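# Structural characterization, general
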Amino acid sequence: MNLRPRQSGSFLLFVSALSAQLSAQTMHPSGNMFRPLATPARMVSELSELTVVICLSIFLVVAGLLAYAVIRFAYREGDSKSEPPQVYGSNQVEIAWTVIPILIVFVLSMATARITSAVQNQKIPKDALYVTVVGHQWWWEFQYPDLKITTANELHIPLSSTAAPHMTSLKLTSADVSHGFWIPQLAGKTDVIPNRTNTIWIDPQETGTYLGNCSEYCGTQHAKMEIRVVVDTPEEFQKWVERQRAAEAGADSDANRQAFLSSPCIICHTVNGTSAMGAIGPDLSHLMSRDTLLAAETPNTAANLRDWIKDPQHLKPGNKMPTVPLTDGQLDQIVAYLTTLK
Ligand code: CUA
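Residues numbered from 1 in each chain as written. Predicted model: local features only at pLDDT ≥ 70, side-chain atom pairs only at ≥ 80, totals over all residues. Heavy atoms only, no water.

## A word on the sheet that holds strand E4 (residues 154-158)
In spatial order, the strands read E4-E10-E9; together these three strands make up an open sheet with mixed pairing. Each end of this open sheet is capped by a strand with a single partner; those strands are E4 and strand E9 (208-213). Taking each pair of neighbouring strands and ignoring which way they run, the sheet shows an average axis angle of 25°. As paired strands, E9 and strand E10 (residues 226-232) are joined by six bridges and run antiparallel to one another. Its bridge partner lying in E10, Asn213 is registered against Glu226. (Pairing = 2+ DSSP bridges. Helix = DSSP H or I, 4+ residues; strand = E, 2+ residues; numbered from the N terminus. Axes fitted to C-alpha atoms, helices over the stretch in contact; angles between N-to-C directions.)

In structure tokens:
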């Protein structure tokens, strides 16, 4: 091939990009878009195969005819050097080169429309898992509204087998700029746009970890916006949900503890093992092991505790406990913390 420098440069670039892509996929087999493992990715993959086959056939026919003409009609020793007879205006040829491309374009656009509508109009069953994906610079937030779980960067979803189908429906939106959500083996690339919700669905057919990356340039750390999708068996997924809930409960109790420790309560009260070491009021280390509050004034329940802290002078006028200005949220957190002191 006699390529001009610019052509050969871009050709080499293309080849090196392609080989980099292929070797990356050997290193991360789970990111191989040529091995789709969920229905939307498989439909897109089949469509692209059809497109490639049609385009390749066109290329082979055109390149074959060209090669034939070049070889068959090449100048040979003893050929006349004058121009051969020229042909003008052939209805048959003109109709052929108009009608055939129109038919090809028609077939391609119909196939594309069919796949696009099949993916977009898919009915989402009621028992599907709903996840809201929020793109951030430069990380992913995954909210499971029905399960009351929020997590980041690693999306856990259940396996969908023919025996037990489990569809996952994703709502995609962004907290800042546009991002792109793409797990090559599970579903087609979808834009993640601020103030707009896009949706995709996936029904992964093999367990494992699937890799993806943000696929729309979104700032300097765009390349470090990896998405990991972990497909668990339904039992493992259930266990993961329970672990997340336990962890979130732990996170909550940490926040509650913090609310207590940053309140003025610690000036007067003690809770063993914390910075609360006041000696003016009762020690609260094992508060909930007591049946009553305020020295047997009232039963020790969370509601009474809350009333008491909210207005100490109402239940036992004249006592030394001051009214501490707290928001309802702080009050709830402090009560929640105190009820863990057993
Ligand atoms: Cu987010 Cu690119």
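## Examining the environment of Glu154
The residue Glu154 is located in strand E4 in this model. Accessibility expressed as a relative area gives 32% for Glu154, which makes it partly exposed. For the pair formed by Glu154 and Val230, sequence separation is 76 residues and the distance between their alpha carbons is 7.0 Å. At 3.3 Å, the side chain of Glu154 and the side chain of His156 are in polar contact. (Buried < 20%, exposed > 50% of the residue type's maximum accessible area, 1.4 Å probe, protein only. Polar contact = N/O pair within 3.5 Å; in protein donor to acceptor, adjacent residues only side chain to side chain.)

## A closer look at the confidence of the model for the protein
Per-residue confidence for the protein gives a mean pLDDT of 84; residues scoring 70 or more make up 88%. Note on residues 23-29: pLDDT is under 50 here. Beyond four places in sequence and across chains, it has six contacts. (pLDDT = per-residue confidence, 0-100. Contact = heavy atoms within 4.5 Å.)

## Observations regarding the nonpolar core
The biggest cluster of nonpolar side chains holds 32 residues, and the ones touching the most others in it are Trp140, Phe142, Tyr144, Leu170, Phe181 and Val229. Discounting chain neighbours no more than four positions away, the residues touching Tyr144 are Leu129, Tyr130, Val131, Ile149, Thr151, Leu155, His156, Phe237 and Trp240. Membership of the second largest hydrophobic core comes to 19 residues, among which are Ala259, Cys265, Val271 and Leu284. (Core = buried A, V, L, I, M, F, W, Y, C linked by side-chain atoms within 4.5 Å.)

## Observations regarding the packing of aromatic side chains
On inspection of all chains with the given rule, the structure shows five aromatic pairs. Ring geometry for Tyr68 versus Phe73: centroids 6.2 Å apart, planes at 85°, classification edge-to-face. Looking at Phe73, the relative accessible area reads 57%, which means it is exposed. Members of the aromatic cluster, connected to one another through ring pairs, are Tyr144, Phe237 and Trp240. Over the aromatic face of Trp182 sits the side chain of Lys189, whose NZ or CZ is 4.6 Å from the ring centroid. (Phe/Tyr/Trp six-rings, centres within 6.5 Å; stacked < 30°, edge-to-face > 60°. Lys NZ or Arg CZ within 6 Å of the ring centre and 35° of its normal.)

## Quick notes on helix H8 (residues 328-338)
Leu331, Ile334, Val335, Tyr337 and Leu338 are the residues of H8 that are buried. One face of H8 carries all of its buried residues, which in axial projection span an arc of 160°. (Arc of directions from axis to C-beta.)

## Concerning the pairing of strand E1 (residues 129-136)
With seven of its eight residues buried, E1 lies for the most part within the structure. As judged from the seven bridges shared by E1 and strand E5 (residues 168-174), these two strands associate in the parallel manner. The residue of E5 that forms the bridge with Thr132 is Lys171. Across five bridges, the pairing between E1 and strand E2 (residues 139-144) is antiparallel. Within the sheet, the bridge partner assigned to Thr132 lies in E2 and is Gln143.

## Points about the packing of helix H6 (residues 302-310) against H8
As a packed pair, H6 and H8 sit with axes 10 Å apart at the nearest point and diverge in direction by 130°. The orientation of H6 with respect to H8, classified from their angle, is oblique. The crossing of H6 and H8 is right-handed. Across the interface between the two elements, Ala302, Leu305, Arg306, Ile309 and Lys310 of H6 pack against Asp328, Leu331, Asp332, Ile334, Val335 and Leu338 of H8. In the contact of H6 with H8, the residues fall into seven nonpolar, no polar and four charged. (Parallel < 35°, antiparallel > 145°, perpendicular 65-115°, else oblique. Left-handed = near helix turned anticlockwise from the far one by under 90°. Nonpolar A, V, L, I, M, F, W, Y, C, P; charged D, E, K, R; others polar.)

## Section: the side chain of His136
As for its position among the elements, His136 is in strand E1. At a separation of 2.7 Å, a polar atom in the side chain of His136 contacts the side chain of Glu141. Apart from the residues within four sequence positions on either side, His136 is in contact with Glu141, Ala175, Asp176, His179 and Met225.

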